[in-house]
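Understanding the architecture of this molecule
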Amino acid sequence: MSAHNEETPELIEAGQFIEGAPTVLEAGAEAAGQRLDQWLAGALGPDMSRSRVQMLIKQGAVSIDGKPVDETKRKMSAGERVSVVMPEPEPAEPQGEAIALDVLYEDDELIVINKPAGLVVHPGAGNWTGTLVNALIHHCGDSLSGIGGVRRPGIVHRLDKETSGVMVVAKTDRAHKALSEAFADHGRTGDLERAYLVLVWGIPPRPTGTVDAPLGRAADRVRRAVVPEGRDDARHAVTNFTVKERFGEGQQAFATASLVECRLETGRTHQIRVHMAHIGHPVIGDPDYGQAFRTKANRLPELLKGQVKAFSRQALHAWLLAFRHPATHLSMRFEAPIPGDMEELVGGFRKL
C-alpha cells in the first residue's frame, strides 16, 4: 500500500470508503474490454450496487488517470487508475419528526421496529409528513450513513398503513443492498422468513393451502386484483396459508371466521388481502377487498357485532421476521405480538 498525500491518493481495499476522499483502484489485465460501471461495481466490492456506481459516474465522481469520465459504458484498459470520490451524504428531503417508535433492535447497519397500525411507511401524496421515514430520520440522526448518497433510511419492504408488525430498515448502503436482495428472493435461496397473522371471514375447507394467482391493477386503477396470467400488468404472486384457529365451527347461528397464518413467496402490493378475498375469505375489516362481506357482522352476537363494526382497519399483522444480518451474517429473528385492538377482536370470536 502506497503512502497517502494530497497529490497521490492512497490505493485502498474495496469497501474501505472515506466520504469526500478519493478511493483509487488500478485495473488489472482482467479489466480490459469491460464496461467501466461493470468493472467498478465488482472492484468496489459487494457493498456497492451497479446502479449506485452508475449514479456516481454520472455525478462526475469518477476519474480515470486524472480525467473525469461520465460514460458508464466506457471500455476499460489494463493499467488504468480509477479514482472514485464518495460524496458526503446529502440531507434527507423528508424532515425528521419526533414520532415514537417501538424499536426491537438497532445497530450501525439496520433498525428493526414494530410498526403500529395507522403509520404510513414512506412520504407520498396525502402523507408528506408523519410517516415512518420521518420518524426514522429523527430517531437515527447521524447514524444514517446514506442510502444512494442521501442521508435517509433504506426501506427494503413495506407494510400497508393499517397493517401492523415487524419491519427492518437499512441504515447503510451495504445493508440496503443485502436486505433488498434477500427480500427480492423472498427466502427461496436464503434465510429470509416472514409470517403474518390475519383474521378472515369463514373457514377454509383445508387446514393448509396455496394461492397461486397473478395480480394486476383493478378496474379503478388504485386497488389490486387477480388478473389473467397473460395480461401486460400481471405479476406472479403466491401466498401459502395455514389455519391456526377456527371460530364458530359446527354451529349455524352465527357467521364463522378463522385466524390464518400467511407466508409469502412473492411480495406484491396488497397480496395477502387480495388472495384471501379471491378464495372467499377476505380479511375482516378490510375496506378495499372485504366490502362484500360487511353484512357478515350482522350475523354475530351483539357484542361481537359491535366490535367488528368498530374495528376500522384490516385485521392483518406481520408477527415474524427473520433474516441474515448483512454485516455479521448471523441469523436474526424478531417477533411482535398481535396488537391490543386485534387481540381483542380475536378474543371476541373465540367466544362463538
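A quick note: this is a predicted structure, and the numbers were derived from the prediction, not measured.

Re the overall build of the chain
The helix and strand tally for the chain stands at seven helices and 16 strands. Each of the 352 residues in the chain was classed as buried or not, and the buried ones make up 45%. Relative to all contacts within the chain whose residues are 6 or more apart in sequence, the contacts with residues 24 or more apart total 66%. In the structure as shown, the chain presents an accessible area of about 17200 Å², 50% of it carried by carbon and sulfur atoms.

So, the nonpolar core
One finds Leu199, Val260, Ile284, Leu300, Val308, Leu345 and Phe349 to be the most contacted residues of the largest nonpolar core, which totals 51 residues. Broken down by element, this core gets its largest block of residues, seven residues, from strand 9 (residues 193-201). Leave out the neighbours within four places in its chain, and Leu345 touches Leu199, Ile284, Leu304, Gln307, Val308 and Phe311. Leu25, Leu44, Ala61 and Met86 belong to the second-largest nonpolar core, a separate cluster that totals 21 residues.

Examining the sheet that holds strand 2 (residues 62-64)
The sheet built from four strands is open, its strands ordered 1-4-2-3 with antiparallel pairing. Looking at which strands have only one partner, the edges of the open sheet turn out to be strand 1 (22-26) and strand 3 (67-68).

Looking at the confidence of the model for the chain
When pLDDT is averaged along the chain, the result is 88, and 90% of the positions lie at 70 or above. A low-confidence stretch, residues 1-16 stays under pLDDT 50, and its non-local contacts, those more than four residues away or across chains, total 23 contacts.

Considerations on the pairing of strand 10 (residues 208-212)
The alternating pattern of strand 10 places Gly209 and Val211 on a buried face, while none of Thr208, Thr210 and Asp212, on the opposite face, is buried. Pairing of strand 10 with strand 13 (residues 238-247), which is carried by five bridges, proceeds in the antiparallel orientation. Bridge pairing links Asp212 to Val238 in strand 13.

A short note on the environment of Asp108
Tracing the backbone through its elements, the reader meets Asp108 in the loop between strand 5 (103-106) and strand 6 (110-115). In the structure, Asp108 is positioned 36 residues away from Leu144 in sequence and 8.1 Å away in space, judged by C-alpha atoms. Setting aside residues no more than four positions away along its own chain, Asp108 makes contact with Ser143, Lys171 and Thr172.

A word on the pattern of salt bridges
This model, assessed by the stated rule, comprises 22 salt bridges. One salt bridge connects Glu80 with Arg74, and the closest N-O pair in it is separated by 2.8 Å. By relative accessible area, which is 10% here, Glu80 ends up buried. One salt-bridge network, in which partners are shared between bridges, spans Glu193, Glu261, Arg263, Arg333 and Glu335.

Remarks on the packing of aromatic side chains
According to the stated counting rule, one finds four aromatic pairs in the structure shown. Here the aromatic rings of Tyr105 and Phe334 are separated by 5.8 Å at their centres, their planes lie at 45°, and the arrangement is tilted. Of this pair, Tyr105 sits in strand 5 while Phe334 sits in strand 16 (residues 331-335); the two residues are 229 residues apart in sequence, bridging distant segments of the chain. With a relative accessible area of 26%, Tyr105 lands in the partly exposed category. With relative accessibility at 10%, the residue Phe334 sits in the buried group. Where Phe247 meets Phe349, the ring centres are 6.2 Å apart and the plane angle is 35°; that geometry is what we call tilted.

So, the pairing of strand 15 (residues 316-324)
Within strand 15, eight of the nine residues are buried, which leaves it mostly tucked inside the rest of the structure. Here two bridges tie strand 8 (residues 164-170) to strand 15, and the two strands are oriented parallel to one another. Directly across from Gly165, in strand 15, lies its bridge partner Ala318. In the sheet, strand 9 pairs with strand 15 via six bridges, with the strands oriented antiparallel. Residue Val198 lies in a different strand from strand 15, and its bridge partner there is Leu316. Here strand 15 runs beside strand 16; their pairing, made up of five bridges, is antiparallel. Within the sheet, the bridge partner assigned to Phe323 lies in strand 16 and is Met332. Hairpin connection of strand 15 to strand 16: six residues between the antiparallel strands, including His329 at a positive phi of 65°.

Re helix 2 (residues 50-58)
In an α-helix, one turn spans 3.6 residues; hence positions three or four apart end up facing the same way. The complete set of buried residues in helix 2 reads Arg52, Val53, Leu56 and Ile57. Angular distribution of buried residues about the axis of helix 2 spans 140°; they occupy a single face of the element. Tucked into the core, helix 2 has its buried residues touching helix 1 (36-43), strand 2, strand 4 (81-85) and helix 4 (173-185). Positive backbone phi, at 80°, marks Gly60, one or two positions downstream of helix 2.

A look at the packing of helix 1 against helix 2
Between helix 1 and helix 2, whose axes approach to 9 Å, the crossing angle comes to 120°. When the axis of helix 1 is compared with that of helix 2, the two are oblique. Of the two elements, helix 1 crosses helix 2, and the hand of that crossing is right-handed. Residues Leu36, Asp37, Gln38, Leu40 and Ala41 of helix 1 pack against Arg50, Val53, Gln54 and Ile57 of helix 2.

Cut-offs and rules
- All residue numbers here refer to positions counted from 1 along the written sequence of the relevant chain.
- Residue-level local features of this predicted model are given only where pLDDT is at least 70; pairs of side-chain atoms are given and counted only at 80 or more, and the full residue set underlies all totals for whole chains, interfaces and linings.
- Only hydrogens and water are set aside; all other atoms, that is, all heavy atoms of the structure, feed into the side-chain values.
- Under the scheme used here, helices are H or I runs from DSSP no shorter than 4 residues and strands are E runs no shorter than 2 residues, and both carry numbers assigned from the N terminus.
- Exposure is judged per residue with a 1.4 Å probe applied to protein chains only, and the accessible area is read against the type maximum: over 50% gives exposed, under 20% gives buried, and values in between give partly exposed.
- The contact definition used throughout considers only heavy atoms, calling two residues in contact when any of these lie within 4.5 Å.
- For every accessible area listed, the method is Shrake-Rupley and the probe measures 1.4 Å; residues are considered covered only by the protein chains on display.
- To define a nonpolar core, start from buried Ala, Val, Leu, Ile, Met, Phe, Trp, Tyr and Cys residues and group those joined through side-chain atoms within 4.5 Å.
- The pairing criterion for strands is at least two bridges between them, as found by DSSP.
- Per-residue confidence from the predictor is reported as pLDDT, a score between 0 and 100.
- Take a side-chain nitrogen of Lys or Arg and a carboxyl oxygen of Asp or Glu: if they are within 4 Å of each other, that pair is a salt bridge.
- Pairing of aromatic side chains here covers Phe, Tyr and the six-membered ring of Trp, requires ring centres within 6.5 Å, and sorts the geometry by plane angle: under 30 degrees stacked, over 60 edge-to-face, intermediate tilted.
- Directions from the helix axis toward the C-beta atoms define the arc.
- To obtain each axis, a line is fitted to C-alpha atoms, and for helices this fit is confined to the stretch in contact; angles are then taken between N-to-C directions over 0 to 180 degrees.
- Orientation labels follow simple angle bins: below 35 degrees gives roughly parallel, above 145 gives roughly antiparallel, 65 to 115 gives roughly perpendicular, and whatever is left gives oblique.
- Crossing handedness is read from the near helix: turned anticlockwise from the far helix by less than a right angle, it gives a left-handed crossing, and turned clockwise, a right-handed one.

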